[in-house]
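# Examination of the molecular architecture
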Amino acid sequence: MKRKRNKGLIAAAALAILATLLLTVAVCYHFFKKQIMEDLKVYAVLAESVFAQEDISSFERALGEEAVRITVVEQDGTVVYDSYMPAGEMENHGDRPEIRQAFAKGEGSRIRRSDTLDRNTYYYAKRIDGERVLRVSREGDSAYRIMEFAFPYLLSAALLLSAFGIVIRRRQEDLVQNARLRQEFTANVSHELKTPLAAISGYSELIENGMAARQEEIIRFAGEIHKNANRLLTLINDVIRLSELDGGEEETLSPVNLWEIAQSCAGMLQLEAEKHGVTLFSEGEDAYIMASRQMAEEVLYNLCDNAIRYNKKDGSVFVTVRKHSQEVLLTVKDTGIGIPGEHQDRIFERFYRVDKSRSKSTGGTGLGLAIVKHILIKLNAKLVLKSQPEKGTEITVTFPSAKNREGR
Ligand code: ADP
C-alpha cells in the first residue's frame, strides 16, 4: 500500500520535473528567438543603408566576426549579391518563404534547421525598394541545444528539491510515528496500572468487609496488597525514568569506573540470584566510561536482573568488564531460557515481553530494556545480543572509553 503510494509520488515528481524542463526550454527558446530576430532586424537596417551607398564590403568586413550573411534578391528570385558566395553561383531564391513574404508584406522571417540538430539558421528579409529584398541570416542554437544546456541545471535543481522533499517527509513520518508510539505507550501504562490497582482495591475491600476472618488471611491479603503496591511503584518509577530520558534533558557525564559499578551491582543482586538458584560471577578490570553513575547502574542492574530472572535453576550469570583499545566492553552472559530469534529485535520496545506471565511473576515491568536502550543511545554505546532458546543469552555493550574522550 505504502509502496504503491510512493511509486505514484515518484511518477508525479518525474512528470513535474519533465514538464518544468520543457516549459523552461520553451520560454527560453521563445526569448532567444525573439532576440536573434531583433538583432537581425538591426543588421538589416544597417545593411540597407550601407547597401544604398554601394559600399557593402566595408560593412561585411565589420560584420565578418558576427557570421551574419547578407543576400540581396531581385523580384524574380535572382541573387544579385551574397556575402558568402559569388552571386552568380547562387540558385534562384524566389521560392524562399521569407523572401516571398518580404516582397508581399515588406518583411519576412523564417527559422530553418541546419544540417546539425543543435543549430538553426535564422532569416530576416526586408524589402529595400520596389524590386529588391535584402536578407540577413545567421546561425544560432536550436531548442534542442538549449535543452542540452539547461538540462544539467534543472536536474540538479530537481534533485535538490527531491532531497528537501524526502527530508521533510521523513520528519513528518517521524512525527506521526512518535505521536502514535506515545499514544500506544499511554494506553499501555494505563492498562498496566489497572491490574495491581484492582488487586489492591479488591483485597482491601475484603478486609474492610470483614471477609478475612482469620489472622492468616489478613496477613495473606495484606501481603498481596504490599506486593501489588510495590509493582505499582516499580512501574511508575520506570515510566518516570523513561520520560526523563525521553525529555532530552542532558545529564552531565563524567568518567565512571564501570568495573566498580559492576561489582557493587553484583553485590546488590546476590540475594535475588540466590532466590532463583542462580550463581553470579563477575570478572574484570578498572575501566572508565563517560556516563552518570545512575545511568551505568541502570544498565548493569537491568541486564543482570534479566539474566537472573530469565535463568534456570542452578544456572549462572557471568558479568565481565574489559578494556579493548579505545573501548570498554561489558558482557552479561547467562545460561537461561534464551530468546527466540523472532523476538530478539523487539524486546527493546516498551512493554514487549516474550512471556508475559513469567515477566510479571518475577517483578518485571517490560520497560527495563527500553530504558537500557535509551541510556545506551545517550552514551554513544552499542549493544549486541546473541541468544539461543534453552541455551542462554549473551549481551555485549561497547562503550567509548572515557580516556579517549577526555583526550588523556
Ligand atoms: P521485563 O521487565 O519484562 O524483564 P525487559 O524490558 O527487561 O522487561 O525485557 C523484555 C523482555 O525480554 C522480557 O520480558 C523477556 O521476555 C526478554 N528478556 C530480557 N532479558 C532476557 C534474558 N537475559 N534471557 C531471556 N529473555 C530475556
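Each remark here, short or long, concerns the structure printed above.
All of the points below concern the structure found in this document.

Criteria and cut-off values
- Residues numbered from 1 in each chain as written.
- Predicted model: local features only at pLDDT ≥ 70, side-chain atom pairs only at ≥ 80, totals over all residues.
- Heavy atoms only, no water.
- Axes fitted to C-alpha atoms, helices over the stretch in contact; angles between N-to-C directions.
- Helix = DSSP H or I, 4+ residues; strand = E, 2+ residues; numbered from the N terminus.
- Parallel < 35°, antiparallel > 145°, perpendicular 65-115°, else oblique.
- Left-handed = near helix turned anticlockwise from the far one by under 90°.
- Near = heavy atom within 4 Å.
- Polar contact = N/O pair within 3.5 Å; in protein donor to acceptor, adjacent residues only side chain to side chain.
- Areas by Shrake-Rupley, 256 points an atom, 1.4 Å probe, with all protein chains shown as cover.
- Nonpolar A, V, L, I, M, F, W, Y, C, P; charged D, E, K, R; others polar.
- Pairing = 2+ DSSP bridges.
- Contact = heavy atoms within 4.5 Å.
- Buried < 20%, exposed > 50% of the residue type's maximum accessible area, 1.4 Å probe, protein only.
- Phe/Tyr/Trp six-rings, centres within 6.5 Å; stacked < 30°, edge-to-face > 60°.
- Core = buried A, V, L, I, M, F, W, Y, C linked by side-chain atoms within 4.5 Å.
- 1 Å grid on protein atoms, 1.4 Å probe; cavity = no way out; pocket = protein on both sides within 12 Å on 5 of 7 lines; lining within 4 Å.
- Points joined across faces, edges and corners; volume = space filled by probe spheres on them.
- Salt bridge = Lys/Arg side-chain N within 4 Å of Asp/Glu carboxyl O.

## Quick look at the packing of helix α4 (residues 143-208) against helix α5 (residues 215-246)
Following both chains from N to C, one finds α4 and α5 inclined at 160°, their axes separated by 9 Å at the closest point. Of the possible angle classes, the one that applies to α4 and α5 is roughly antiparallel. As α4 packs across α5, the resulting crossing turns out to be left-handed.

## Considering the site of the ligand
In the vicinity of the ligand lie 20 residues, with Y310, S359, T365, G366 and L369 positioned nearest. L369 places a main-chain nitrogen or oxygen 2.8 Å from an oxygen atom of the ligand. Protein chains shield 97% of the accessible area of the ligand, which is 530 Å² for the free molecule. Counting residues per element, the ones that place at least two in the shell around the ligand are α7 (293-309) and α10 (368-378). Of the residues belonging to the shell around the ligand, the class tally is eight nonpolar, eight polar and four charged.

## Observations regarding the sheet that holds strand β2 (residues 79-82)
Ordered in space as β2-β1-β5-β4-β3, the five strands form an open sheet in which the pairing is antiparallel. Bordering the open sheet on either side are β2 and β3 (107-113), each of which pairs with just one other strand. With direction set aside, neighbouring strand axes in the sheet form an average angle of 20°. Bridge count between strand β4 (residues 119-127) and strand β5 (residues 132-141): nine bridges; the pairing is antiparallel. Paired with R127 across the bridge in β5 is V133. Set on the sheet, helix α3 (residues 97-105) makes contact with β1 (69-74), β3, β4 and β5; between it and β3 the angle comes to about 170°.

## Observations regarding the pairing of β1
Burial analysis of β1 places five of its six residues in the buried class, the great majority of the element. As paired elements, β1 and β5 share six bridges and run antiparallel to each other. Within β5, the residue paired with T71 across the bridge is R135. What sits between β1 and β2 in their antiparallel hairpin is a turn of four residues, with G77 showing a positive phi close to 100°.

## Comments concerning the packing of aromatic side chains
Within this structure, the stated rule accounts for five aromatic pairs. With 6.5 Å between their ring centres and 80° between their planes, F32 and Y122 make a pair best called edge-to-face. One end of the pair, F32, is in helix α1 (residues 2-52); the other, Y122, is in strand β4, and 90 residues separate them in sequence. With a centroid separation of 5.4 Å and 35° between ring planes, the pair formed by Y203 and F221 is classed as tilted.

## Describing the nonpolar core
Counting 52 residues, the largest nonpolar core has L258, L300, L303, L330 and F399 as the members making the most contacts within it. If sequence neighbours within four positions are ignored, L330 has contacts with L258, V299, L300, L303, V319, T320, V321, I395, T396, V397 and F399.

## Some points on the environment of N92
Turning to its location among the elements, N92 is positioned in the loop between β2 and α3. On the basis of relative accessibility, which here comes to 43%, the residue N92 falls in the partly exposed class. Sequence separation between N92 and G77 is 15 residues, and the spatial gap between their C-alpha atoms is 5.0 Å. If sequence neighbours within four positions are ignored, N92 has contacts with D76, G77 and T78. Within the structure, N92 has its side chain in polar contact with the backbone oxygen of D76 (distance 3.0 Å). Within the structure, N92 has its side chain in polar contact with the backbone nitrogen of G94 (distance 2.6 Å).

## Let's talk about the layout of surface pockets
In this structure, the second largest pocket encloses a volume near 600 Å³. Contributing to the lining of the second largest pocket are 19 residues, with I10, A13, S162, G165 and I166 lying nearest its centre. Counting only elements with at least two residues in the lining of the second largest pocket, the list comes to α1 and α4. Per-element tally for the lining of the second largest pocket: the top contributor is α4, with ten residues. Residues that form the lining of the second largest pocket fall into these classes: eleven nonpolar, four polar and four charged.

## Concerning the pattern of salt bridges
According to the stated counting rule, one finds 31 salt bridges in the structure shown. Among the salt bridges present, the one from E217 reaches R214, with a minimum N-O distance of 3.8 Å. When its relative accessible area of 22% is taken as the criterion, E217 is described as partly exposed. One salt bridge in this structure joins R346 and E349, with 2.9 Å as the shortest N-O distance.

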